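Each chain, written out:
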Amino acid sequence: MNPAISGLSSPAARFASKGSAPMPLRFGADMTLSGHAVVDRLSRALPALAADLLEIAASVHAIDRLVPRPTERQRPPGTMWARSLWANIPVREPDRWRQQIPRLSRLLHWLTDDDWALEFSQLQPGAGALDTPQQFLFDTVPAGAVPVLFSGGLDSAAGLAMELLHSDAVGISVHTNGWMWRVQRRVVGALNEASHHRCMPLRYRISVRNSTESSQRSRGLLFLAAGVATAWAVHQDHLRVFENGIGAVNLPYLRSQQGAEASKAVHPLTLRMVEDLARAVSGGTFVVDTPAMALTKAELLRRVPSTARKALGLTVSCDVGFAARVPKHRACGACTSCLLRLQSLTAAGLTGLVPMDIHERRGHDRDFNINAMIWQVTRLRACLDDPEPWRRMVSEFPELTSVTDLTQQEVVRLYRAYVEEWGSNEDAVRLYARRESRTVALCLMTSKTPSDNPRR
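The structure displayed is predicted, hence computed values, not measured ones.

## Topic: the environment of Ser59
Inspection of the secondary structure assignment puts Ser59 in helix α3 (residues 48-66). Between the C-alpha atoms of Ser59 and Ala87, which are 28 residues apart in sequence, the distance is 8.8 Å. Every residue in contact with Ser59, bar those within four places of it in the chain, is listed here: Leu25, Phe27, Met31 and Ile89. Separated by 2.8 Å, the side chain of Ser59 and the backbone oxygen of Glu55 make a polar contact.

## What about empty space enclosed by the protein?
Taken as a whole and judged by the stated rule, the model has three cavities of 30 Å³ or more. Considering only enclosed or pocket space, the second largest cavity measures out at about 40 Å³ in volume. Around the second largest cavity, the lining residues are Leu53, Leu221, Ala225, Val228, Val274, Leu277 and Ala278. Of the residues assigned to the lining of the second largest cavity, the class counts are seven nonpolar, no polar and no charged.

## With respect to the pattern of salt bridges
In the structure shown here, the tally under the stated rule is 21 salt bridges. Residue Arg83 is joined to Asp64 by a salt bridge in which the shortest nitrogen-to-oxygen separation is 2.6 Å. Pair noted here: Arg83 is in the loop between α3 and β4 (84-91) and Asp64 is in helix α3, with a separation of 19 residues, a long-range link. The pair Arg83 / Asp64 is uniform in exposure class, with both members buried. A single network of salt bridges, built from pairs that share partners, joins Asp64, Arg69, Arg83 and Asp114.

## Observations concerning the packing of α3 against helix α8 (residues 219-233)
At a minimum axis separation of 9 Å, α3 and α8 run at an interaxial angle of 170 degrees. If you check the angle between α3 and α8, you find them roughly antiparallel. Within the contact between the two elements, α3 uses Leu49, Ala50, Leu53, Leu54, Ala57, Ala58 and His61 and α8 uses Arg219, Leu221, Leu222, Ala225, Ala226, Val228, Ala229 and Trp232. Looking at side-chain class alone, the contact of α3 with α8 contains 13 nonpolar, one polar and one charged residues.

## Topic: the packing of α8 against helix α10 (residues 268-282)
Their axes nearest at 11 Å, the elements α8 and α10 cross at an angle of 40 degrees. The orientation of α8 with respect to α10, classified from their angle, is oblique. Considering how the two elements wind past one another, α8 and α10 form a crossing that is right-handed. Residue-level contacts link Leu221, Leu224, Val228 and Trp232 of α8 to Thr270, Leu271, Val274, Ala278, Val281 and Ser282 of α10. Across the contact of α8 with α10, the residue classes break down as eight nonpolar, two polar and no charged.

## Some details on helix α6 (residues 154-163)
Counting buried residues in α6 gives 10 out of 10 residues, a clear majority hidden from the surface. All buried positions along α6 are accounted for by Leu154, Asp155, Ser156, Ala157, Ala158, Gly159, Leu160, Ala161, Met162 and Glu163.

## Here's the deal with the environment of Leu25
Here Leu25 is to be found in strand β2 (residues 23-25). Looking at Leu25, the relative accessible area reads 2%, which means it is buried. Spatially, the C-alpha atom of Leu25 lies 5.6 Å from that of Arg14, the residues being 11 residues apart in sequence.

## Comments concerning the packing of aromatic side chains
Within this structure, the stated rule accounts for three aromatic pairs. Note that Arg69 overlies the ring of Trp81, its terminal NZ or CZ placed 3.9 Å from the centroid. Sitting over the ring of Trp375, Arg379 keeps its end group 4.8 Å from the ring centre.

## Let's talk about unusual backbone geometry
Phi at Gln216 is positive, roughly 55 degrees, even though this residue is not glycine. For Gln216, the position within the fold is in the loop between β8 (199-208) and α8. Backbone geometry at His235 places phi at a positive 60 degrees, although glycine is not the residue there.

## Considerations on the sheet that holds strand β1 (residues 13-17)
With mixed pairing, the four strands of this open sheet are ordered in space as β2-β1-β4-β5. Each having just a single partner strand, β2 and β5 (115-122) make up the two edges of the open sheet. Averaged over all pairs of adjacent strands, the angle between strand axes in this sheet comes to 25 degrees, irrespective of strand direction. With eight bridges joining them, β4 and β5 adopt parallel strand pairing. Bridge pairing in β5 links Leu85 to Trp116.

What counts, and at which threshold
Residues numbered from 1 in each chain as written. Predicted model: local features only at pLDDT ≥ 70, side-chain atom pairs only at ≥ 80, totals over all residues. Heavy atoms only, no water. Helix = DSSP H or I, 4+ residues; strand = E, 2+ residues; numbered from the N terminus. Contact = heavy atoms within 4.5 Å. Polar contact = N/O pair within 3.5 Å; in protein donor to acceptor, adjacent residues only side chain to side chain. 1 Å grid on protein atoms, 1.4 Å probe; cavity = no way out; pocket = protein on both sides within 12 Å on 5 of 7 lines; lining within 4 Å. Points joined across faces, edges and corners; volume = space filled by probe spheres on them. Nonpolar A, V, L, I, M, F, W, Y, C, P; charged D, E, K, R; others polar. Salt bridge = Lys/Arg side-chain N within 4 Å of Asp/Glu carboxyl O. Buried < 20%, exposed > 50% of the residue type's maximum accessible area, 1.4 Å probe, protein only. Axes fitted to C-alpha atoms, helices over the stretch in contact; angles between N-to-C directions. Parallel < 35°, antiparallel > 145°, perpendicular 65-115°, else oblique. Left-handed = near helix turned anticlockwise from the far one by under 90°. Phe/Tyr/Trp six-rings, centres within 6.5 Å; stacked < 30°, edge-to-face > 60°. Lys NZ or Arg CZ within 6 Å of the ring centre and 35° of its normal. Pairing = 2+ DSSP bridges.

Distances and angles like these do not, on their own, reveal function.
Here it is as structure tokens:
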């Protein structure tokens, strides 16, 4: 039986941070990774390489959650929040993964800002969290179904709705609590009702016990690893990721935000690095396809068929909505994800999908975030008004040099559209930020980091 299902501990990985003794990390004890829902629906076990990739990503995610970042007082002068981490992870094919340590370490440093020293040891046959002795006799995956990463958020639902216009899909999800899975299930159900084609939902469950670090900058690798691993399991060499370009690039709102303080979970460079890792470790081809990378969130929403609007209304784009393990937990209305969702729905003419029952707590956060977002738009507008907008944009936002998926002209067009959307909808978004706080204005002038810096 799968150890993650039975509750038995699998052979432990080990990890340590600088200056600390190695500690065990046990699937089924310190963390749970369950893929039985995927295995059961696929009627096949995950290939060894796919199981390795997902267990590596889950182990990294757990270590990321278990090792707290240094506080501002603990950091040496001139340093950031980075950690030095070591991990030894048991895998089925250690020699193959040892060859990819440089690639994987670079990817993790890019995502988390941390220095990762990785080692791989031999996992005993059948001892992995995703191993199963069950033998299957048939295959239930629709022929030609497209693997699509599905989070339950607005972008992934919009993309899946467009995919279902012309093909079947496999919707790949990772969830950390039952509420998150119920939202994902309802959205997929509504999309299936509205389409002639079908989406088969495949889900993984993961949880980390006694975690202390909330930044979770390795989550992007966990979700993408689930997508790549499942694509391999259904004999596909591509994965579709629907994320709008503004959210994917995720430019910092304030100059004080550096490195991975602005999350890079689905950044174009992240996707290319994961694509490169998948090709290198498998020895075959693999493509991470991003059909919405050149679009704003509102532009993506305008392309969704009207029959899918019910499903869009069921999505959750809040950074705390999924974290709360309570059914019908309302969106906070304060985080940048809630505010970007509101701005995008308004710009797309879909105000009927805007939630009106947001939480009224965290008023300062709401005010801070809306002002930080508008300050970023103001800086972008000044760049776009320059005779040489690309040169000015790169000077103001050096992070744009890593956006290799789009041409300079496409980047300029993308942000011009985004700025114009804000220009016509700023007042509507500000309705959710009722107080114009002088404290917020002072914080922006001194470039202090906002309290919420989530992945959008």
